[in-house]
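An overview of the molecular structure
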Amino acid sequence: RINTYADHAVALLDHYQMDRAAWVGTSMGGLIGMHLAAGASADRLSCLVINDIGPEVPQTATDRIIRYAADLPEFDQLSEAEAWLRNTYAPFGPADDAFWRRMTRSSVRRTDQGRFTLHYDPEIIRQFAAYLDDLSTWDNYKKIKLPCHVIRGENSDLLTPDILARMQKEGPKPEATEFAGCGHAPTLSRNADIQLVRRLLTDLQLD
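Residues numbered from 1 in each chain as written. Predicted model: local features only at pLDDT ≥ 70, side-chain atom pairs only at ≥ 80, totals over all residues. Heavy atoms only, no water.

Here strand β6 (residues 148-153) lies mainly inside the structure; six of its six residues are buried. The alternating pattern of β6 places Cys148, Val150 and Arg152 and His149, Ile151 and Gly153 on opposite faces, both of which are buried. One ladder, built from four bridges, connects strand β2 (residues 45-51) with β6; its direction is parallel. Pairing of Val49 across the sheet is with His149, part of β6. (Buried < 20%, exposed > 50% of the residue type's maximum accessible area, 1.4 Å probe, protein only. Helix = DSSP H or I, 4+ residues; strand = E, 2+ residues; numbered from the N terminus. Pairing = 2+ DSSP bridges.)

Put into structure tokens, the structure is as follows:
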């Protein structure tokens, strides 16, 4: 559950003796960041950048995620895995070849039979199926007082225009940046994207 992941995040800060950190959270990482920022651990964060997620997640979007994440595909070659990732995660939007190669290397493992498969626990989708309360957290969002910025993919089905508009009227009332040509979720991997995030973090921590 989101609160469990949040507890792990605080434990990591403690382990590395970090009093505070700027939080950049994509998708579930954004949900974890909002949970931290709204609760007793808010003072452990200096600012919050939320990448393409909100305090409400539409059912149609969670259904889509469940469909592709429930079963782990298998591949004979890394090139097949890369092709699958490029196709499945096309909504990520523009990214260079180096990004997809790096994502492939870090996203697959060998099976006992020597083939390749994705390196995650498919049980992660239980978050979307069994704990629906974690996907509607407007009351907690309204408690956030940290400097905040929201990034949205213009075609995102998770962070819809209506949800973003409500986010900008409640809680931390963040400004937003929309990425053209992508849905859920912008990779933030290109040089211009990285520079944008650096500027956001600098500006938010000066507020």
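The structure having been displayed, the exposition proceeds.
Moving on: the pattern of salt bridges. Applying the stated criterion across every chain, the model contains nine salt bridges. Among the ionic pairs, Arg64 bridges to Asp157, the shortest N-O distance being 2.7 Å. You can see Arg64 sitting in helix α3 (residues 59-69) and its partner Asp157 sitting in the loop between β6 and α8 (161-167), a full 93 residues away along the chain. Residue classification places Arg64 among the partly exposed positions, given a relative accessible area of 21%. We classify Asp157 as partly exposed; its relative accessible area is 25%. Notably, a salt bridge pairs Asp193 with Arg190, separated by 3.0 Å at the nearest N-O pair. On the basis of relative accessibility, which here comes to 5%, the residue Asp193 falls in the buried class. For Arg190, a relative accessible area of 31% corresponds to the partly exposed category. (Salt bridge = Lys/Arg side-chain N within 4 Å of Asp/Glu carboxyl O.)

On the secondary structure map, Asp193 appears in helix α9 (residues 191-206). Each residue touching Asp193, except ones within four places of it in the same chain, is listed here: Phe179, Thr187 and Leu188. (Contact = heavy atoms within 4.5 Å.)

In this section: the sheet that holds strand β7 (residues 175-179). The strands that make up a sheet pair up through hydrogen bonds in the backbone, lying either parallel or antiparallel. In space, the four strands of this open sheet follow the order β1-β2-β6-β7, with parallel pairing throughout. The sheet is open, and its two borders are formed by β1 (21-26) and β7, each paired with just one other strand. Each adjacent strand pair in this sheet contributes to an overall mean axis angle of 15°, direction not counted. In this sheet, β7 lies alongside β6 in parallel orientation, the contact comprising five bridges. Bridging from a neighbouring strand, His149 pairs with Glu175 of β7. In the packing of helix α2 (residues 28-38) onto the sheet, the strands contacted are β1 and β2, and the crossing angle to β1 comes to about 140°. (Axes fitted to C-alpha atoms, helices over the stretch in contact; angles between N-to-C directions.)

All right, on to the sheet that holds strand β5 (residues 116-118) then. Read across the open sheet, the three strands follow the order β3-β5-β4; overall the sheet is antiparallel. Strands at the two margins of the open sheet, each flanked by one partner only, are β3 (74-75) and β4 (108-110). In terms of strand pairing, β3 meets β5 through two bridges, oriented antiparallel. Within β5, the position partnered with Phe75 by the bridge is Phe116. Lying over the sheet, helix α5 (residues 97-107) contacts β4 and β5, oriented at roughly 40° with respect to β4.

What follows deals with the packing of aromatic side chains. On inspection of all chains with the given rule, the structure shows six aromatic pairs. Between Trp138 and Tyr141 the ring centres are 5.8 Å apart and the planes differ by 90°, which places this aromatic pair in the edge-to-face class. Residue Trp138 and its partner Tyr141 are both found in helix α7 (residues 138-141); the two are separated by three residues, about one turn of the helix. Accessibility classification places Trp138 together with Tyr141 in one group, the buried group. By way of ring pairs, the aromatic residues Phe75, Trp84, Tyr89, Phe92, Phe99 and Trp100 are connected into one cluster. The ring of Trp138 has Arg166 lying over it, and the distance from NZ or CZ to the ring centre is 4.0 Å. (Phe/Tyr/Trp six-rings, centres within 6.5 Å; stacked < 30°, edge-to-face > 60°. Lys NZ or Arg CZ within 6 Å of the ring centre and 35° of its normal.)

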